[in-house]
Structures are given as structure tokens and as C-alpha cells.
Amino acid sequence: MSTPMEEAAGQQARRPAGLRLVFALLYSSLILNAVFLAHHFLSPSWLLGAGGGGDGGSSCGLSWALQAAREAEAVAAVECSGHGQVFLDGVAGEDGRPGCECSSCFAGPDCSLRTPNCTANTDSGDPVFLEPYWRRHAAASAVVVSGWHRLSYITTDSLFQSVELESLIRRLHRAVGNAVVDDKHIVFGTGSAQLINALVHALSPDANAASPPARVVAAAPYYSAYETQTRMFDGREYKWSGDAAAWTNASRNSTDGFIEFVTSPNNPDALLRKPVLGGSAAIVDHAYYWPHFTHIPEPADDDVMLFTTSKLSGHAGSRLGWALIRDAKVAKRAYEYVKQSTIGSSRDTQLRILRVVKVILANLHVEDDIFAFGHDVMRTRWRRLNAVVSRSRRISLQKIPTQYCTYFNRITEPSPAYAWVRCEREEDEDCYGALLKANIITRASDLFGASSRYTRIGLLKSDDDFDVLMERITDLVNAENYEAPGSSSM
């Protein structure tokens, strides 16, 4: 039995131990809160250890991905005076680093030198107008690919195309309301360009059949690749037969052997189209049937439809397109064509587009909607171009009315990808040549099977490119005020 003095000594010995426990808990709480605040408020680049020793060690849970992230951040941080950019795969300079690749009409190591009286090159349909959108979504759209990602020829379920990407594409079409997908098969291609001939092959009679070759046609003005690809692969199964309008008087029975390409909205004039021939097979190219380029009156429900990421998201260089096909046999033939020619689309590309589509889906109908962004850019460009051209007696643009769009749930102004320009003066029969004299490179109408009085101006390139175009167009229109009656300075 302890004495009162021994009990008092025991109590004093226990008090420091209790205090030590309290202090330990307090310090642990402070450390955890500090870690939480650092993750919440500090920038990702700081957390990645951008200022670290560069030894490739782990940081914030990263190990092998850390160096790739640093390299990507480094090139993205180079501003190139706002008139160019640096790419990881760009040409390396003497210091071993890739340099600035400048916009048209800009030069110099940092793209700060403007070329005076520069020619506006509008021939291309390069959709880099969406680059600012993806810069705003740099973190969400970034993809780090391991060195061992998808080494095999095949992907999930022994296929050549991503099952998950196919699912997301179906979700996107349903959400946008621009295509019926529930009764369709999806076939991926290396851009829609590969699928053009894959679908012609799939719809044509077998090479061993007794049937004559299919006649491939398109109503002018049409996208030039339909003709060039069909002629390139011309063989026993099919042949190019020109303007669909030339066959409209044929009877229904005589059009059974036709394959008609229909572009809606059309390239080059942006008008919504339907097949011209009755009874023929139709491949409906809906590359531009997205809310940033046209109003969406209803979901498209054609038997064979084409889409591409080039015009959906601007990722033209990634080369991914897809076909929505109702008939299983046609889909199988198209899939086999892709399989035999390229063993499917790049698995790395499919991974990148998977991320891109996720970002698009996550931002539908909110402040940073890609379609709202794209429509605003293209509408503004069309307004500016129309305002200048409306003062001209030399040239005119196609008429596009305002229309109700089911995606935006309102009337929308025109926002076409291209201007289909007509030269009005009698002496300007070659419209391409007339604009070339004004330092504007366009795409000549003969490539679209149309009259030489027309030519196409692309509106999809960068802000720098569009600004140069507006300078040259304004010069052209203003020159009319200084011409003598009946003369032409073009």
C-alpha cells in the first residue's frame, strides 16, 4: 500500500506524459492542415517540383511522368510574341531546344517581326481558330502517354478501336442532338479522309460480281476529295461520274448503281443539303454539322454519315474520323477496309481524342462550352467579312439566313467555315485569279466542280491569318472608290 507522498509523486510523473500526447496531436493537426492548404492553393507546376533538381525523382506522387510534364510546361510557356508557338517536336536550335513556329506574316526568333503587305493565304481549312480554347483547358486536355501504352495492334475486345471512345462519341452526339446513334455502327478511320474511300468500297458491288461498277457522284459545288480519291482508287468496283445534277433526270431504276456524296453543311457554301438522286446510296458528310458552324435543326439520321475531330475540336493533326452506319454488312466492309489498309487508327490518337471528348462533354451548356466559344469566333468573323464585302460591287458572298438551333435553343446568326465568293464584274471571270492579284490566295472553284466565277475563302485559321485577310479585303474594296468607271485594278 502506497503512502500519500508516493501517490503525489506518481501523479506528477503522469502529467508530463499526458501533455506530450496533447502536443503530439496538435502538431499532427497543424502538419495535415499545412499539406491540405499547399495542395489547394499552390500551382500545379510548383507541386510538380518545377524548381527541383531535375533528377527525375518522384514529386507529388509522380515519377516517370514528371520529366514529360516539365518539358510540356516549358514549351507551352514560350509566348513567341503572341504570334506563334513552340512544339515539343519542333526543329531544335543550337541550344538543342525547339524554336518558335510563327504565324503567317510574322518572322524572327520570337515571331515579333511583321511582314509588310503580306499575302493572305486562305486556301486551307486548318481549324486552328480553336487553339485558344484548348489553351484555356490545358490541364484538363493534357495527356501523358507511357512508353508502353498500347504496344499491341489490338485494343479492348480484340478490336482496332477504343470501346470507351466509341461510347463517349455516342454520348456526345446524343447531348448535342446532331445525329441519331442508337441504331448505328461506328467505324473509326485515319481522319474522315480514309473513310471516304472505305465507304465507297463498302457500298460498291463486289469486284467479282456481275454488276457494273458503281457511279460515284456529288452535286456541285462539292468537296474536292470525293473526286480526287475516287479517281485515285478507280477500279473494277466504282468510278467517278461527275456532278449528281447531271443524272437527276434518270429514272429511279437507273440510279440504283449510284453512290452520291452529300456534304451538309456543304463545303464550300455552308448550306444544308439533301441527296439529289432518288434511289441511290448516299454518304452524307456531316463534318461541319456542329453548333459552332451551323444551326442544328434536328438530329441527322442518314444510313451512312461521316464525322471528324478536325472540325469538331480542331485536332486536325490527330487524324481521327468516324462513320455512323446503319447496315451491319456495310459497316463490316468499311471496318475491313480500314483494317487491311492501316490496321485501324493510331491508338495514341484515340487516347488523345478520348481526353478531348471528355473535356467537351464536361463543358456542354456551361460558360466554357466549346460550341459557344467556336460559334462566337466564327459569327464575329462572318460579321466583319460581310460588313466590308457589303460595300463592294466587285465581289459578293453567299446568303445564309439566321436559323433556330436546337442546341442553343435560340435563333443563331450564320457562322460558316468558308466564304463562297462570287466575282460580279464581267472581266473577272476567273475569280481565283482576280483575288490573287489583290494578294489573297483562295481555293479555286474548279476543285469543287463549279463555275470559275466563284472561289473559296477559308475562315478557320488563326486570328493573325484572319486579320491579314481583312486587311487585304478592305484594301480591295476601298480601291473601288479610286477607280475610273469601267476600269479594274484587280
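Residues numbered from 1 in each chain as written. Predicted model: local features only at pLDDT ≥ 70, side-chain atom pairs only at ≥ 80, totals over all residues. Heavy atoms only, no water.

**Considerations on the confidence of the model for the protein chain**
Thinking step 1. On average, the protein chain scores 88 in pLDDT, and the residues at 70 or more come to 84%.
Thinking step 2. Scored below 50 in pLDDT, residues 1-15 makes 1 contact in the model with residues more than four places away or belonging to other chains.
Thinking step 3. Every residue in residues 35-58 scores below 50 in pLDDT, and together they form 22 contacts with partners more than four places removed in sequence or on other chains. (pLDDT = per-residue confidence, 0-100. Contact = heavy atoms within 4.5 Å.)

**A short note on a nonpolar patch on the surface**
Thinking step 1. A surface patch of nonpolar side chains, amounting to about 520 Å² of accessible area, comprises Trp 64, Val 144, Trp 148 and Leu 151.
Thinking step 2. Tracing the sequence through the fold places Trp 148 in the loop between α5 (138-141) and α6 (163-176). (Patch = residues over 30% accessible without salt bridge, like charges linked within 9 Å, V, L, I, M, F, W, Y side chains within 5 Å. Areas by Shrake-Rupley, 256 points an atom, 1.4 Å probe, with all protein chains shown as cover. Salt bridge = Lys/Arg side-chain N within 4 Å of Asp/Glu carboxyl O. Helix = DSSP H or I, 4+ residues; strand = E, 2+ residues; numbered from the N terminus.)

**Some remarks on helix α12 (residues 370-389)**
Thinking step 1. Compared with the 28 Å implied by 1.5 Å per residue over 20 residues, the 28 Å span of α12 between its first and last C-alpha is a close match.
Thinking step 2. Near the N-terminus of α12, the side chain that reaches the backbone nitrogen of Phe 371, with its oxygen 2.8 Å away, is that of Asp 369. (Expected span 1.5 Å × (residues − 1). Polar contact = N/O pair within 3.5 Å; in protein donor to acceptor, adjacent residues only side chain to side chain.)

**Regarding the pairing of strand β11 (residues 304-308)**
Thinking step 1. For β11, the buried fraction is high: 5 of the 5 residues fall into the buried class.
Thinking step 2. Taking every second residue as pointing to the same face, both faces of β11 are buried, with Val 304, Leu 306 and Thr 308 on one and Met 305 and Phe 307 on the other.
Thinking step 3. Sheet topology note: the strand β10 (residues 281-285)/β11 ladder contains 2 bridges and is parallel. Bridging from a neighbouring strand, Val 284 pairs with Met 305 of β11.
Thinking step 4. Bridging between β11 and strand β12 (residues 321-325) involves 5 bridges; their strand directions are antiparallel. By the bridge assignment, Met 305 is partnered in β12 with Leu 324. (Buried < 20%, exposed > 50% of the residue type's maximum accessible area, 1.4 Å probe, protein only. Pairing = 2+ DSSP bridges.)

**A short note on the sheet that holds strand β19 (residues 454-458)**
Thinking step 1. Read from one edge to the other, the open sheet built from 4 strands follows the order β13-β16-β19-β18, with strand pairing classed as antiparallel. Each end of this open sheet is capped by a strand with a single partner; those strands are β13 (395-396) and β18 (443-444).
Thinking step 2. By the bridge criterion, 2 bridges tie β18 to β19 in an arrangement that is antiparallel. If you follow Ala 444 over to β19, its bridge partner there is Thr 455.

**Thoughts on the environment of His 375**
Thinking step 1. With respect to the element layout, His 375 can be found in helix α12.
Thinking step 2. Owing to a relative accessible area of 3%, His 375 belongs among the buried residues under this scheme.
Thinking step 3. With 82 residues separating them along the chain, His 375 and Phe 293 place their C-alpha atoms 6.4 Å apart.
Thinking step 4. Polar side-chain contacts of His 375 include one of 3.2 Å to the backbone oxygen of Glu 413.

**Regarding the pattern of salt bridges**
Thinking step 1. Applying the stated criterion across every chain, the model contains 22 salt bridges.
Thinking step 2. For Glu 424, the salt bridge is made with Arg 422, and the minimal N-O distance between the two is 3.2 Å.
Thinking step 3. Assessed through its relative accessible area of 28%, Arg 422 is described here as partly exposed.
Thinking step 4. The salt bridge partner of Asp 475 is Arg 472, with a shortest N-O separation of 3.2 Å. Residue Asp 475 and its partner Arg 472 are both found in helix α14 (residues 463-479); the two are separated by 3 residues, about one turn of the helix.
Thinking step 5. Sharing partners across several salt bridges, the network here consists of Asp 183, Lys 184, Asp 301, Asp 303 and Arg 326.

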